[in-house]
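What follows is each chain in one-letter form.
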Amino acid sequence: VVEPELNLRGSRVEEAMKQLPRFLTDAARQGIGRVKIIHGKGMRSPDGFSVVRDSVIRYLETALKEGAIRDFRLGNVGEGGSGVTIVWL
């Protein structure tokens with residue numbers, strides 16, 4: 001059973017981009033309609049920018065255009081803010 005969230009904090013972009021498509025596919029197959037991707041805010045990165053978040057967003061923009069997902073947004077206050085992305089499958 002796929003949990004409705006994927007924690008990518010501490011992952012490198014290459015590792016995260018291997019996990020993300022598989023996670024979304026497995027969640028969709030199980031009928032999960034909404035998932036949370038935890039990518040962090042990049043606060044521990046040398047430049048304070050989350051390269052994983054940027055890669056996740058770019059991947060999701062493509063997935064949205066291709067119809068693989070219904071929508072996505074960054075988390076609200078109480079959901080993790082800009083450290084998470086919410087995705088509707």
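Now for a description of the structure that goes with this document. (Residues numbered from 1 in each chain as written. Predicted model: local features only at pLDDT ≥ 70, side-chain atom pairs only at ≥ 80, totals over all residues. Heavy atoms only, no water.)

**Points about helix α2 (residues 51–65)**
Step number 1: Counted at 1.5 Å a residue, the expected span for α2 with its 15 residues is 21 Å, and the 21 Å between its end C-alpha atoms agrees.
Step number 2: Along α2, the positions that sit buried rather than exposed are Val52, Arg53, Ser55, Val56, Ile57, Leu60 and Ala63.
Step number 3: Structurally, α2 contributes buried residues whose contacts are with α1 (13–29), β2 (34–38), β3 (71–74) and β4 (84–88).
Step number 4: Positive backbone phi, approximately 80°, marks glycine 67, located one or two places after α2. (Helix = DSSP H or I, 4+ residues; strand = E, 2+ residues; numbered from the N terminus. Expected span 1.5 Å × (residues − 1). Buried < 20%, exposed > 50% of the residue type's maximum accessible area, 1.4 Å probe, protein only. Contact = heavy atoms within 4.5 Å.)

**Considering α1**
Think of an α-helix as turning once every 3.6 residues; residues three or four places apart then point the same way.
Step number 1: With 17 residues, α1 should reach 24 Å at 1.5 Å per residue; the first-to-last C-alpha distance of 25 Å fits that figure.
Step number 2: Inspection of α1 places Ala16, Leu20, Phe23, Leu24 and Ala27 among the buried residues, and these make up the whole buried set. Seen from one end, α1 has its buried residues packed into an arc of 95°, which puts them on one side. In α1, the exposed positions angled more than 90 degrees off the buried face are occupied by Glu14, Lys18, Arg22 and Arg29.
Step number 3: Of the residues one or two after α1, glycine 31 is the one with positive phi, at around 80°. (Arc of directions from axis to C-beta.)

Note that every value here comes from positions in space, so none of it alone points to a role or purpose.
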